[in-house]
Amino acid sequence: MVLSLVFRGVMRVSSWLNRRQAYHLAGWLAGVLSKSESAKTTATNLQVCFPHFDEAQRNALTRQSLQHMVLLFFELAQLRFWSREALLADVRIEGQQVLEAALARDKGVLLLVPHLGNWELMCVYLGHYYSVSALYDPPKQDGLEQEIKQARERFSGQMFAIGVGGMRSVLKELKRGGLVAILPDQVPERDGGVYADFFGQPALTMTLPHQLKAKTDAALVLGSVRREVEADGSYGYTLKFTEPAVAVDSTPEQTARTINQAIEEEIRLAPAQYQWEYKRFKRRSE
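Owing to the predicted nature of the structure, the values given are computational and were not obtained by experimental measurement. (Residues numbered from 1 in each chain as written. Predicted model: local features only at pLDDT ≥ 70, side-chain atom pairs only at ≥ 80, totals over all residues. Heavy atoms only, no water.)

Draft legend 1. Fine view of the overall build of the chain. Of the regular secondary structure elements, the chain holds 11 helices and nine strands. What you see for the chain is a C-alpha radius of gyration of 18 Å, in line with the 19 Å of a compact globule of 286 residues. Counting only C-alpha atoms, the chain reaches 50 × 45 × 40 Å along its principal axes. The buried share of the chain, taken over its 286 residues, is 53%. Across the chain, contacts joining residues at least 24 apart in sequence account for 79% of those joining residues at least 6 apart. Put simply, the chain shows about 13500 Å² of open surface, and 52% of that area lies on carbon and sulfur atoms. Here the chain contributes 34 positively and 32 negatively charged side chains, and the mean placements of these two sets differ by 4 Å. (Helix = DSSP H or I, 4+ residues; strand = E, 2+ residues; numbered from the N terminus. Rg over C-alpha atoms; globule rule 2.2 N^0.38 Å. Buried < 20%, exposed > 50% of the residue type's maximum accessible area, 1.4 Å probe, protein only. Contact = heavy atoms within 4.5 Å. Areas by Shrake-Rupley, 256 points an atom, 1.4 Å probe, with all protein chains shown as cover. Lys, Arg positive; Asp, Glu negative; His and termini not counted. Charge placed at Lys NZ, Arg CZ, Asp CG, Glu CD.)

Given below as structure tokens:
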């Protein structure tokens, strides 16, 4: 209870900042975090995924990545307290026709939203025009879940926690032709994934998209949210929809590899905005 109240209070104060102010404060906090565990994980992931970068390039990218990581907290605060109009100000859409064509099939759409940019904003946009559901991984701290869930559900329909009940609800939504968003780059348990290349490295990748597509014939669409930062630190967003080239008779391994490649292409457009502090390679191949 106390943790929840403190967290909400910090978010409330953080929401008073505009985007430019939040961006600059996040840059200062990135410096404070330069020796943190998140910084070490980020640097390790960048060394693995960008081996051609020299030390100066990796250090600079690590600092920028930490800045964008901190910025996600301010954007969560905005999600909790800003109006929909303020949240969607300065938003540009690419590939709207891809999403519309997928929805027109009326067999459900599984939207794959990687941890890139302000990925939380995707459901705010979708919730304005469509009925949308999403799977989420509850935070480890019990006191934070309710606040985060409330922030995400203000404009974006239903949130289902990962688990048997959540999977049952997602299947139901897809079978009735609904729109469901998931984070495809979360590391699954070993029995829930296959190894597929990600930046040239074998990464345990969830087979959930393949399974849901096989059970429902839902369309797979990749949705990314990229920050477009100006010289003064103010920024808007580009929301982009693309269709991964997953073959009809694709195996789980082929589907995972195709999705990872599509995510990688989006990351390369803004590498500092990916959440490199997440231990994407933590479950290594035998």
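Draft legend 2. Summary view of the environment of Tyr 278. One can find Tyr 278 in the segment after α11 (252-267). For the pair Tyr 278 and Thr 41, spaced 237 residues apart in sequence, the C-alpha separation works out to 7.3 Å. Those residues in contact with Tyr 278, other than ones at most four positions away along the chain, are Thr 41, Asn 45, Asp 185, Gln 186 and Val 187.

Draft legend 3. Layout of the packing of helix α2 (residues 19-32) against helix α4 (residues 55-81). Across the interface, α2 lies against α4 with an axial gap of 8 Å and an inter-helix angle of 135 degrees. The pairing of α2 with α4 is recorded here as oblique in orientation. As for how α2 packs across α4, the hand of that crossing is right-handed. Within the contact between the two elements, α2 uses Arg 19, Ala 22, Tyr 23, Leu 25, Ala 26, Gly 27, Leu 29, Ala 30 and Gly 31 and α4 uses Arg 63, Leu 66, Gln 67, His 68, Val 70, Leu 71, Phe 74 and Gln 78. Tallied by class, the residues present in the contact of α2 with α4 amount to 10 nonpolar, five polar and two charged. (Axes fitted to C-alpha atoms, helices over the stretch in contact; angles between N-to-C directions. Parallel < 35°, antiparallel > 145°, perpendicular 65-115°, else oblique. Left-handed = near helix turned anticlockwise from the far one by under 90°. Nonpolar A, V, L, I, M, F, W, Y, C, P; charged D, E, K, R; others polar.)

Draft legend 4. Main features of the sheet that holds strand β9 (residues 235-242). Strand order in the open sheet formed by seven strands is β1-β9-β8-β2-β5-β3-β4, with mixed pairing between adjacent strands. The open sheet has two free edges, formed respectively by β1 (91-94) and β4 (158-161), since each of these has just one partner strand. Taken pair by pair, the neighbouring strands of this sheet meet at an average axis angle of 25 degrees, ignoring direction. Across four bridges, the pairing between strand β3 (residues 132-136) and β4 is parallel. Each bridged residue has a counterpart across the sheet, and for Ala 134 the counterpart in β4 is Met 159. Packed onto the sheet, helix α10 (residues 208-216) meets β2 (109-112), β3, β5 (179-182) and β8 (219-229) and runs at close to 170 degrees relative to β2. (Pairing = 2+ DSSP bridges.)

Draft legend 5. Focus on the pairing of strand β7 (residues 201-206). Sheet topology note: the strand β6 (residues 193-198)/β7 ladder contains six bridges and is antiparallel. Each residue of the ladder has a partner; that of Ala 196, found in β7, is Ala 203.

Draft legend 6. Highlighting the packing of aromatic side chains. Evaluated as defined, the whole model comprises 15 aromatic pairs. Centre to centre, the rings of Tyr 274 and Trp 276 are 4.9 Å apart; their planes meet at 75 degrees, and the pair counts as edge-to-face. Relative accessible area serves as the criterion here: at 1%, Trp 276 is assigned to the buried category. A network of ring pairs unites the aromatic residues Phe 50, Phe 53, Phe 198, Phe 199, Tyr 274, Trp 276 and Phe 281 as a single cluster. Positioned over the ring face of Phe 81 is Arg 80, at 5.1 Å from the centre of the ring. (Phe/Tyr/Trp six-rings, centres within 6.5 Å; stacked < 30°, edge-to-face > 60°. Lys NZ or Arg CZ within 6 Å of the ring centre and 35° of its normal.)

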